[in-house]
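Letter by letter, the chains look like this.
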Amino acid sequence: MTDPRIDLRNPGLAALLAFLFPGAGHAYQRRYFKAAIYSVCVLGIYFWGCSLGEAKAVHFRWDEHAEDGQSRQRTFGYLAQVGVGLPALPAVAQQLRHAAQFEAENSDRKPGEVLEEIDAEFTGRLNHVELGHPEITGQITGVVRVGGYGFDTEFEGTFVGQTADGNPVQFELLGTRKSGSLQLGDRVTGLDDVTMNELVLETQELDFSGERRRFFVRVVDKTADLGMIEGTIPRPFYNHYLAPLDDESLQYLNGKLGKRYELALVYTWIAGLLNILAVWDAFQGPAYGYGDEEPEPDEKSSDETASESQDNSKPVAAEAGASS
Amino acid sequence: MTTSFLLLAVGHNTTWYVLPLAGAISLVYSASRYELTERILRRAARLFLTITGFMLAVFVMLWLLSANL
C-alpha cells in the first residue's frame, strides 16, 4: 500500500505523463526531486546514446517479408528504447511510413499511377556524351510513376540549372528503375548510399547520408540517350529522423562507429528500461516505502558507518517528520 | 612518453562509459524504491559503489588471469 504521505494525485495520468516524458509524471505529482532525477538520468543517458550513434541508434523496423534479398529485420532493441516515450515514439510512425512506401512500390499497381511528385534542388554531376562530366546544380521537377504493365518504377521530368562555371543547362529526364536508368533513394529511410558512379570503379568508396537522397536519372533528347545526371536531392528531416535503416546502412554504421554504435544501443536500451521503473513509481509509489522505515540489519550497519563518516547524527525518521 | 601513452589509452578506453551509466542506474533504481531524498541518495551511492566495485573486481581478476598470456 502506498504511503499516505505521498500524494499520487491521478496515478493513471501521472504514469502516462511519466511514460511520454521522463519526469513529467512526477512533476505533475509535485515530487520535483524525483522528477529531476528521472528526467536528467533517463533523458541524459538516452540523448548521449543518440549522440554516440550519430542519431541512428534508435529506429524501429518490423518487416513481415525480406526486402530485395535482404534478411528480414526486426529491431527488438526498440522495444526497450520506446520506454523513453515521446523522444523515441516517432520511430513507429516512420516504420509505418516506410512499410507503406514498400507496399506501394511492390504491390500490384495500375500503370501510370503517380507514386510521388518531386520538385527539389539537385546537386551532382552530369555524365553527358557531348558535354563531358561537369558539376551541375539546379532544380529537378517531375513525377515518379508506376511503369508499364503495372510493375517497375519510372521517372519523367526536367532539370533546369547550371554548370559549375555558370553555363545554363536544361534537360529532359526519363528513366526506369528496371533498366538501370533510374536510381532513386528511398523517400523514407534513415540512411542511404548516395555514392556517385566513379569513372574508375575500383577506387569507389561508399558514402552514406540521411539528409541527401540518391537521384540518378537518364538525360534524353526526344528518345536519344545523352547520358545521366548523378547526384542527390534533399531528404527532409521528417523523412529520415528515426526512420528505419537497411542492412547496408547498418553495416556502414557498425564499420564507421565500431564500439561507439554498440554503446549507443546499450545506452538507449537502458534509458528506456529505466523509465519503466519511473512509470511504475508514478503509478504505484516507491516500491519499498517512504524511506524512514527501520532499515534492514545489513543496511543499518552500513548506514551507521556512512553517518559516522559524514558526522551526521540526525535520525532519518526525524528528518522525514520535518520534511513532511 | 609511457605515461602520456597510458593517459591516452585511459582516455580512449570505452570502459569509462560505464561510470555515468552506473550512476544513472543507481539514482533511478534507488529513486523508484524510496521517497525520502537522503535515503535515495545514500542508497544510490551504495549501489554505485557496489556496481563499480564488482566490475573492478572482475577487471582485476581478468587482468591477473591474462598476466602471462
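What you see is a predicted model, and the numbers here were worked out from it, not measured in a lab.

Rules and cut-offs
- Residues numbered from 1 in each chain as written.
- Chains lettered and ligands numbered in written order.
- Predicted model: local features only at pLDDT ≥ 70, side-chain atom pairs only at ≥ 80, totals over all residues.
- Axes fitted to C-alpha atoms, helices over the stretch in contact; angles between N-to-C directions.
- Helix = DSSP H or I, 4+ residues; strand = E, 2+ residues; numbered from the N terminus.
- Parallel < 35°, antiparallel > 145°, perpendicular 65-115°, else oblique.
- Left-handed = near helix turned anticlockwise from the far one by under 90°.
- Contact = placed C-beta atoms within 7 Å.
- Nonpolar A, V, L, I, M, F, W, Y, C, P; charged D, E, K, R; others polar.
- Core = buried A, V, L, I, M, F, W, Y, C linked by C-beta atoms within 7 Å.
- Buried ≥ 20, exposed ≤ 12 C-beta atoms within 10 Å, placed from the backbone.
- pLDDT = per-residue confidence, 0-100.
- Pairing = 2+ DSSP bridges.

> Would you take a moment to explain the packing of helix 1 (residues 11–20) of chain A against helix 8 (residues 259–284) of chain A for this structure?
The relative placement of two packed helices is expressed as an angle between their axes plus a distance between the axes. All names here are of chain A. Packing of helix 1 against helix 8 brings their axes to within 7 Å, and their N-to-C directions diverge by 165°. Classified by the interaxial angle, the pair formed by helix 1 and helix 8 is roughly antiparallel. Crossing of helix 1 over helix 8 shows right-handed handedness. The segment helix 1 lies against helix 8, with Pro11, Ala14, Ala15, Ala18 and Phe19 engaging Ala278, Val279, Ala282 and Phe283. Here the residues of the contact of helix 1 with helix 8 sort into 9 nonpolar, no polar and no charged.

> Even after reading the chapter, I still don't get the nonpolar core, so can you show me in this structure?
As a rule of thumb, nonpolar side chains are buried together in soluble globular proteins. With 47 residues, the main nonpolar core has Cys41(A), Val42(A), Ile45(A), Leu274(A), Ala278(A) and Val28(B) as its most contacted residues. Those elements giving two or more residues to this core turn out to be helix 1, helix 3 (32–52), helix 4 (78–81) and helix 8 of chain A together with helix 2 (18–33) and helix 3 (37–65) of chain B. Once residues lying within four places of it in the same chain are set aside, the contact partners of Val42(A) are Pro22(A), Val84(A), Ala271(A), Leu274(A), Asn275(A), Ala278(A) and Val28(B). Listed in part, the 17 residues of the second largest apolar core include Phe122(A), Leu182(A), Val217(A) and Ile229(A).

> Teacher, can you tell me more about the packing of helix 3 of chain A against helix 2 of chain B here?
Contact geometry of helix 3 of chain A with helix 2 of chain B gives a least axis separation of 10 Å together with a crossing angle of 145°. For the pair helix 3 of chain A and helix 2 of chain B, the crossing hand works out as left-handed. For the pair formed by helix 3 of chain A and helix 2 of chain B, the contact residues are Lys34(A), Ile37(A), Tyr38(A), Cys41(A), Val42(A), Gly44(A) and Ile45(A) on the first element and Leu21(B), Ala24(B), Leu27(B), Val28(B) and Ala31(B) on the second. A per-class count over the contact of helix 3 of chain A with helix 2 of chain B returns 10 nonpolar, 1 polar and 1 charged.

> Before we go on, may I ask you to explain the interface of chain B and chain A in this structure?
By a widespread convention, an interface's size corresponds to the accessible area lost as its parts come together. The interface is formed by 19 residues belonging to chain B together with 32 residues belonging to chain A. Only helix 2 and helix 3 of chain B provide two or more residues apiece to the side of chain B that touches chain A. Top element by residues in the side of chain B that touches chain A is helix 2 of chain B. It accounts for 9 residues. Here the residues of the side of chain B that touches chain A are counted per class, giving 10 nonpolar, 3 polar and 6 charged.

> So what exactly am I meant to see when it comes to the confidence of the model for chain B here?
A low pLDDT score tells you not to read the predicted coordinates there in detail. A residue-level look at chain B finds 83% of positions with pLDDT of 70 or above and a mean pLDDT of 88. This prediction of the complex comes with two scores: 0.85 for pTM and 0.86 for ipTM.

> I keep staring at the environment of Asn127(A) and nothing clicks. Help me out?
Residues and elements named next belong to chain A. Mapped onto the elements of the fold, Asn127 is located in strand 1 (residues 114–128). According to the C-beta neighbour criterion, Asn127 is partly exposed, with 19 such atoms within 10 Å. If we skip the residues at most four places from it in the chain, Asn127 touches His133, Gly227, Met228 and Glu230.

> Which parts of the structure should I look at to understand the pairing of strand 1 of chain A?
All names here are of chain A. In terms of strand pairing, strand 1 meets strand 2 (residues 135–146) through 11 bridges, oriented antiparallel. Note on strand 2: the bridge partner recorded for Arg125 is Glu135. Of the strand pairs in this sheet, strand 1 and strand 9 (residues 224–234) are connected by 6 bridges, and their pairing is antiparallel. Bridging from a neighbouring strand, His128 pairs with Gly227 of strand 9.

> Would you explain unusual backbone geometry in this entry?
Residues and elements named next belong to chain A. Located in the positive-phi region is Arg30, a residue other than glycine, with phi close to 65°. Among the residues examined, Arg30 registers 9 C-beta atoms within 10 Å and is labelled exposed. The backbone phi angle of Ala55 is positive, close to 65°, even though this residue is not glycine. Along the chain, Ala55 falls in the loop between helix 3 and helix 4. Residue classification places Ala55 among the partly exposed residues on the basis of 17 C-beta atoms within 10 Å.

> Is there a simple way to explain the pairing of strand 2 of chain A in this structure?
Two faces belong to every sheet, and in a regular strand the side chains alternate between them. Residue and element names in this part refer to chain A. Joining the antiparallel neighbours strand 1 and strand 2 is a turn of 6 residues, in which Gly132 adopts a positive phi near 85°. In this sheet, strand 3 (residues 153–163) lies alongside strand 2 in antiparallel orientation, the contact comprising 11 bridges. Considered in strand 3, the bridge of Val146 is made with Thr153.

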